[in-house]
Amino acid sequence: MAQRGIQPDSAKFCCSICLDLLKDPVTIPCGHSYCMSCIKDCWDGEEHKEIYSCLQCRQTFTPRPVMVKNTMLAELLEEMKKTGLQAAPPDLCYTGPGDVACDFCSGRKLKALKSCLACLASYCEQHLQPHYNAAPLKKHKLVEATMKLQENICSCHDEVMKIFCRTDQQCICYLCSMDEHEGHRKVSAEAERTERQEELGLSRQKIQQRIQDTEKDVKVLQQEVEAISRSADKAVEDSEEIFTELIRLVEKRRSDVKQQIRSQQEEEVSRAEEVQEKLKQEIAELRRKDAELEQLSHTQDHIHFLQSYPSLSCLSESTHSPSINIRPLSYFEDVTAAVSELRDKLQELLSEEWSKISLTVTGVAVLLPQPQPKTRAEFLQYSCPITLDPNTTHTCLSLSEENRKATLMAHKHSYPSHPDRFTGCCQVLSRESLTGRCYLEVEWKGEVDIAVSYQDISRTGTYDACAFGYNDKSWSLFCYNKNCDFIHNNIKTKTPLPVSSRVGVYLDHRAGILSFYNVSETMTLLHRVQTTFTQPLHAGLRLPYKSGATAEFCELK
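Residues numbered from 1 in each chain as written. Predicted model: local features only at pLDDT ≥ 70, side-chain atom pairs only at ≥ 80, totals over all residues. Heavy atoms only, no water.

Structural notes on the overall build of the protein chain
The test is simple: Numbering goes from the N terminus for both helices and strands, where a helix is a DSSP run of H or I of at least four residues and a strand is a run of E of at least two. Radius of gyration: C-alpha atoms only; globule rule: 2.2 Å multiplied by the number of residues to the exponent 0.38. Burial here depends on accessible area, computed with a 1.4 Å probe over protein chains only, as a share of the maximum for the residue type. Under 20% is buried, over 50% is exposed, and the range in between is partly exposed. A contact between two residues is defined here by any heavy atoms of the two lying within 4.5 Å. Methods summary: accessible areas were calculated by the Shrake-Rupley approach with a probe of 1.4 Å, and residue burial reflects only the protein chains presented. For the purpose of charge, His is not counted, nor are the chain termini; Lys and Arg are scored as positive and Asp and Glu as negative. Charged groups are reduced to one reference atom each: NZ for lysine, CZ for arginine, CG for aspartic acid, CD for glutamic acid.
Along the backbone of the protein chain there are 10 helices and 23 strands. Compactness check: the protein chain gives a C-alpha radius of gyration of 53 Å against a globular reference of 24 Å for 557 residues, more than 25% above the reference. If one aligns the C-alpha atoms of the protein chain with their principal axes, the spans along those axes are about 180 × 90 × 35 Å. Split into buried and exposed, the 557 residues of the protein chain put 29% on the buried side. Pairs at least 24 apart in sequence give 55% of the contacts found in the protein chain among residues at least 6 apart. When the accessible surface of the protein chain is split by element, carbon and sulfur atoms take 53% of a total near 37100 Å². Seen as two clouds, the 67 positive and the 79 negative side-chain charges of the protein chain have centres 7 Å apart.

In structure tokens:
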């Protein structure tokens, strides 16, 4: 019988099979005890075996031992239960990796349930009881078990820190408050915690509100994604149907042309063969008459000759027109020319319409525009090579540096005629079209327009129709004498900043943003315009006044 006041080790009275206090305990020959039902069930599962073993020491028995209830042990357990004996804690109550261990357990340590900020120790449920029962310990501050108790100790004085210095915004001990923190604004850690707790509550409210708002955004975006997918699937389906219809129409027209050609061929061949047959018959008749006339020419009978000649010499009218021999034949070459002309028109139409279709597709946007670049390194991520199109070059301009540089000449060049060539203004467009995000830089000298323009800007006509910046098809930065003006649709906007000899042009086509910068590491903005671009753009240069003016698209790496 355990003496009152001594807490026995409950693990010694637990069954090693069910890990609970022994019930109807039996002791097997090796001396180890089990619940009668536990060892019986265990050995019943080994009936096919002739040897039985202890689960703890592995001693074997043959034959199977007879199990009898250990009356003394059973009575002992009943008495000890009355004194508060409980089952040993399961393995989950023992410490594992990352668990806080009880500082007072000996041997295998149990998990700590609470940590005491006054004792700076952690306790399992058993060792925590004095803090609930002893009056002096009831005043101690208990918190959830933590490994960070040592953070509450001042590293300088090895004292518990209970004060917060607001001047230095740090926790200190009472010795610190009388030493290096003397004269500072100080409050108890508990008072500071109370104030910060209120701030924490407000912060949590803001965070929770942001979570709710963000969750709404996520839901909206998910709906947008689903809508995009549905719309894209429908567009693909409709486009396939439309293109299939177009292909079917072209196939039908191809079949119709083929059938018409073959029908006309058959008709013309039939007519030609009919005429050919009549001509052959006429030739045969003429040869017969010629033979009769030849035979008549050899007769010696004058009376027969005179009587026969009139009927033989009479010729019937020819069945064909002499013009058939002199009319030039054309056959079906004109049909091929007409079909070729149709092909060229379709190709031109498809090319024009494809740009609109492509721009419409890339114009689909759900998210807001991304942040614009700020440093030159960020701009260079969107750099694109630019070359000038010789077919658009005005005759007063000369191209060099692999068609990246334009120079205004005093005399005109004899460039070949081309429908894309500017004739009304000394300007040139790039070969490359600009869509998406693009960045380019221009070195300039003299007086220069640095522009972007739609491809269909007028090449001839009035100044306002074709000059960059003077119509609704182009946007231009006119640079002169370290000054610059932005021009669009014949409206000029003065730029207050001086312009450098190298200008950066940034285009976000989808967002409708066009910006001009003085090039440096910080990239000084000269002018920005927000609009809607309805077509792909091309870079352009205009050198309108002084010969010797130059502008060059820089190679960017």
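Some points on the sheet that holds strand β7 (residues 142-144)
Within a sheet, adjacent strands bond to each other through the backbone by hydrogen bonds, running parallel or antiparallel. Which entries qualify depends on this criterion: Only when DSSP finds a minimum of two bridges between them are two strands counted as paired. Axis lines are fitted to C-alpha atoms, over the contacting stretch for helices. Their N-to-C directions set the angle, which ranges from 0 to 180 degrees.
Read across the sheet, three strands follow the order β6-β5-β7 without closing on themselves; strand pairing throughout is antiparallel. Since the sheet does not close on itself, it has two edges, and those belong to β6 (121-123) and β7, each with one partner. Averaged over all pairs of adjacent strands, the angle between strand axes in this sheet comes to 35°, irrespective of strand direction. Strand direction decides the pairing type here: strand β5 (residues 114-116) and β7, joined by three bridges, are antiparallel. Note on β7: the bridge partner recorded for serine 115 is valine 143. Each of β5, β6 and β7 touches helix α3 (residues 125-133); the most contacted strand, β6, lies at about 110° to it.

Re the nonpolar core
Defined as follows: The nonpolar core is taken to be a set of buried Ala, Val, Leu, Ile, Met, Phe, Trp, Tyr and Cys residues, with the residues joined through side-chain atoms within 4.5 Å.
Among the nonpolar cores identified, the biggest contains 39 residues, and Leu434, Ile450, Trp475, Val503, Leu514, Phe516 and Leu541 are the most heavily contacted of them. Contact partners of leucine 434, with chain neighbours within four places excluded, come to Cys384, Ile386, Leu440, Val452, Leu507, His509, Pro536, Leu537, His538 and Ala539. Membership of the second largest hydrophobic core comes to 18 residues, among which are Phe13, Leu21, Val26 and Ile39.

Notes on the sheet that holds strand β16 (residues 474-480)
Strand order in the open sheet formed by six strands is β13-β22-β15-β16-β17-β18, with antiparallel pairing between adjacent strands. Taken across any chain shown, the strands that pair with only one partner, and hence form the sheet edges, are β13 (427-434) and β18 (491-494). Across the sheet, the axes of successive neighbouring strands diverge by a mean angle of 20°, strand direction being ignored. In this sheet, β18 lies alongside strand β17 (residues 483-488) in antiparallel orientation, the contact comprising four bridges. Within the sheet, the bridge partner assigned to histidine 488 lies in β18 and is isoleucine 491.

Topic: the packing of aromatic side chains
Given two aromatic rings, one states the distance between the centres and the angle between the planes to describe the pair. Quick note on the threshold: Aromatic pairs are defined between Phe, Tyr and Trp rings, using the six-membered ring for Trp, whenever the two ring centres lie within 6.5 Å; interplanar angles under 30 degrees are classed as stacked, those over 60 as edge-to-face, and all others as tilted. Lysine NZ or arginine CZ positioned within 6 Å of the ring centre and within 35 degrees of the ring normal marks a charge as sitting over the ring.
Considering all chains together, one arrives at 14 aromatic pairs under this definition. With 6.2 Å between their ring centres and 65° between their planes, tyrosine 382 and tyrosine 506 make a pair best called edge-to-face. Placement of the pair is tyrosine 382 in the loop between α9 (376-380) and β11 (397-400) and tyrosine 506 in strand β19 (residues 502-508), with a sequence separation of 124 residues. The exposure class assigned to tyrosine 382 is partly exposed, which follows from its relative accessible area of 23%. Taking relative accessible area as the criterion, tyrosine 506 reaches 0% and is therefore assigned buried. Above the face of the tyrosine 52 ring, arginine 64 is positioned so that its terminal group lies 5.7 Å from the ring centre.

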